[in-house]
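Chain residues, written in single-letter form:
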Amino acid sequence: MGSRSRTEVRSNPAASRFRMRTVRINRTALTRNTLAALSGLLAGFAALTVAELVSAAVRPQASPVTAVGGAAIDRTPTGVKDWAIRTFGENDKIVLQLGIVATLALLAVAVGLLALRHRRTGSAAVLVFGAVGTAAAVSRPDSTGFTDGLPSLVGAVAGAILLYVLVGRLTRARTAAGQEEESGWDRRGFLIAATAAAAASTAAGAVGRALNGRSAQDAVASRDAVRLPAPASPAKPVPAGAQPRVRGISPFTTPNDDFYRVDTALVIPKVDANTWRLRIHGKGVRRDLEFGYQDLLNRPLIQREITLCCVSNEVGGPYIGHARWIGVRLADLLKEAGVKPPSRGGEADQIIARSVDGMTLGTPVEDVMDGRDAMLAVGMNGEPLPFVHGFPVRMLVPGLYGYVSACKWIEDIELTTFDSYDAYWVKRDWAREAPIKTQSRIDTPKPFGRPEAGTVMVAGVAWAQHRGIEKVEIRVDDGPWRPAQLADQATVDTWRQWTYPWKATPGSHTLTVRATDGTGETQTEKRTKTVPDGASGWHSVVVSVD
Ligand SMILES: Nc1nc2c(c(=O)[nH]1)N[C@H]1C(S)=C(S)[C@@H](COP(=O)(O)O)O[C@H]1N2
Ligand SMILES: [Mo]
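Quick caveat, the model's predicted, so the values are computed rather than measured.

Each value, and the rule that gives it
- Every chain begins its residue count from 1, and numbering advances along the sequence as written.
- Think of it this way: whatever chain is written first is A, whatever ligand is written first is 1, and the rest follow in order.
- Only residues with pLDDT of at least 70 get local features here, since the model is predicted, and only at 80 or more are side-chain atom pairs given and counted; chain-wide, interface and lining totals rely on the full set of residues.
- Based on all heavy atoms of the structure, the side-chain values leave hydrogens and waters out of the count.
- DSSP-based pairing: two strands are paired if at least 2 bridges between them are found.
- In this text, helices come from DSSP runs of H or I with a minimum length of four residues, and strands from runs of E with a minimum of two, each type numbered from the N-terminal end.
- UniProt positions are given in the numbering used here, feature names are shortened, and annotations may be inferred rather than shown by experiment.
- Each nonpolar core is a collection of buried residues, namely Ala, Val, Leu, Ile, Met, Phe, Trp, Tyr and Cys, held together in the definition by side-chain atoms within 4.5 Å.
- Burial status follows relative accessibility: with a 1.4 Å probe on protein chains alone, a residue under 20% of its type maximum counts as buried, one over 50% as exposed, and anything between as partly exposed.
- Any two residues having at least one pair of non-hydrogen atoms within 4.5 Å are treated as being in contact.
- Pairing of aromatic rings covers Phe, Tyr and the six-membered ring of Trp, with a centre-to-centre limit of 6.5 Å; geometry is then stacked below 30 degrees between planes, edge-to-face above 60, and tilted otherwise.

Draft legend 1. Up close: the sheet that holds strand β16 (residues 496-504). Across the sheet, which stays open at both edges, the 4 strands sit in the order β11-β12-β16-β15 with antiparallel pairing between neighbours. Of all strands in the sheet, those bounded by a partner on one side alone are β11 (439-444) and β15 (485-486). In this structure, strand β12 (residues 454-463) lies alongside β16, joined through 9 bridges in antiparallel fashion. Of the residues in β16, the one forming a bridge with alanine 459 is threonine 499.

Next comes the structure, spelled out in structure tokens:
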């Protein structure tokens, strides 16, 4: 393309020789700094993509972004984590990952600029970051040992070498006196090395991604092959009257795709049901038990309507959902293992459920064995558990917040005591025991809605799992509390919909709701934060009637 001759065009008769030269040196310095920054980015990219490739040989979870991200989640102060869940909701992990990538990019640029000045120090810095990734990966709770450190380690070595080579092309052109010569650096060599590195990294990343994806395929195939047996104990049919026909009210059953998700998993665990095992062991266990997935399906299954709720749900918040679950009664398994509840002299008062990603959740043994339908669930709304909701098996205990009961991707049940072990969230300021608080929510009208004067259908949900809902009341502005109309209650473990036909008059109005549970206790007006054991207070909505 005749590029030589094109770059030789230099015609700026107005500029003095001197100025020409200063400008060119500055421009060269600028170019070299830019290319050094680019070298840093390329080295970072190479480190991550090589790590991705190596992680395919180890485990996908051992890749540095996942490991560092996981470590960051575990170290995030409870208040910040709770804020992130509330603010970003289901997107909190994407936000975190973008944050990590942006941080890494900034560091990479800094390391590139450093390397231009101190070539070895720059490469050493890459190795230091690699060491951080290695340490994070090896110390993850689900780490399988030192091999988990390999992706970060090998990636960092690749990145360090690449940075050394690239910056070498930029610094070659020093004269003996140490002066920089404008045309001296190895432009061609840099371009070739950089292009080759970018291409090789992209390829490594693509192959790594593909291989990591393949390891999930067995899990996907195992889920596709599941045929859930008919339950030995079917759920009581949900009465038709449980679902008022009001636009804007939450459906009684939450479709799986709309079901809220709260967990710490950056990569959703894809567990192969064919190799999955669950162990039950610990204090007061007379016979250790171990099951495979099919062993569970071969047992008598119970099917139950259960509403699940997160302790991070603020008053009026969205982290609640209802499904029809199918699974094995957990109390039966515990009895088979010889476990007795504390009230009957059992040694253990706490169950620690562990997931394949190292999460621990602590549940009172007493609650699981008091006759309620605590289960190891395998199905949700007629299908095998979706991966995000814990395939192949999760725990559920009606009446308890998810963080003390609903372990997804469960693989181990250990009987222990509350005195001797604190589970993951308990170490992070949340309460040891957390029954669900009585709550109610106005679904429609929406806050700041503009309904027309006349009869407006106010409607929503109320819940007090395992106690049931006895009454829901509505207050308009500072008026008296008036009973809402309750939909049929499916069971005490489910939420209950309600409606209230309101004669709306023009102007701004505040609608407030409160519920009374099956024990006759009315939900408290006192507002509390979600930490440590769930928000309390009344939900209100301000609307402007036209
Ligand atoms: N393995 C694992 N299980 C977990 C969690 C988690 O972070 N990891 N989060 C718990 C919390 S806080 C809640 S509220 C429920 C949410 O279940 P869902 O995502 O299926 O709605 O799962 C629980 N089980
Ligand atoms: Mo939760």
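Draft legend 2. Summary view of the UniProt feature "transmembrane region" (unreviewed entry) in the protein. UniProt tags residues 94-115, 122-138, 150-168 and 189-208 as "transmembrane region" (unreviewed entry). Each end of residues 189-208 is marked by a C-alpha atom, and these two atoms are 28 Å apart; helix forms 100% of the span and strand 0%.

Draft legend 3. Layout of the nonpolar core. Of all hydrophobic cores here, the largest spans 79 residues; its most connected members are Trp325, Leu330 and Ile410. Every residue in contact with tryptophan 325, bar those within four places of it in the chain, is listed here: Phe259, Ile302, Gln303, Arg304, Ile306, Met375, Ala377, Gly379, Met380, Leu385, Arg394 and Leu396. In terms of nonpolar packing, the next biggest core, distinct from the first, is built from 21 residues, Ala43, Ala125, Leu170 and Ala197 among them.

Draft legend 4. Highlighting the sheet that holds strand β17 (residues 507-517). Across the sheet, 4 strands lie side by side as β14-β13-β17-β18; this open sheet has antiparallel pairing. In the strand order of this sheet, the two ends are held by β14 (482-483) and β18 (539-545), each with one partner. Strand direction decides the pairing type here: strand β13 (residues 469-476) and β17, joined by 7 bridges, are antiparallel. Paired with arginine 475 across the strands is threonine 512, a residue of β17.

Draft legend 5. Spotlight on the packing of aromatic side chains. Tallied over the full model, the rule gives 8 aromatic pairs. With 5.5 Å between their ring centres and 20° between their planes, phenylalanine 259 and tyrosine 260 make a pair best called stacked. Each of the two residues, phenylalanine 259 as well as tyrosine 260, counts as buried. For the ring pair tyrosine 424 and tryptophan 425, a centre distance of 5.0 Å and an interplane angle of 75° mean the geometry is edge-to-face. You can call tyrosine 424 buried: its relative accessible area is 7%. When its relative accessible area of 13% is taken as the criterion, tryptophan 425 is described as buried. Site record: aromatic cluster; members linked through ring pairs are Phe259, Tyr260, Tyr319 and Trp325.

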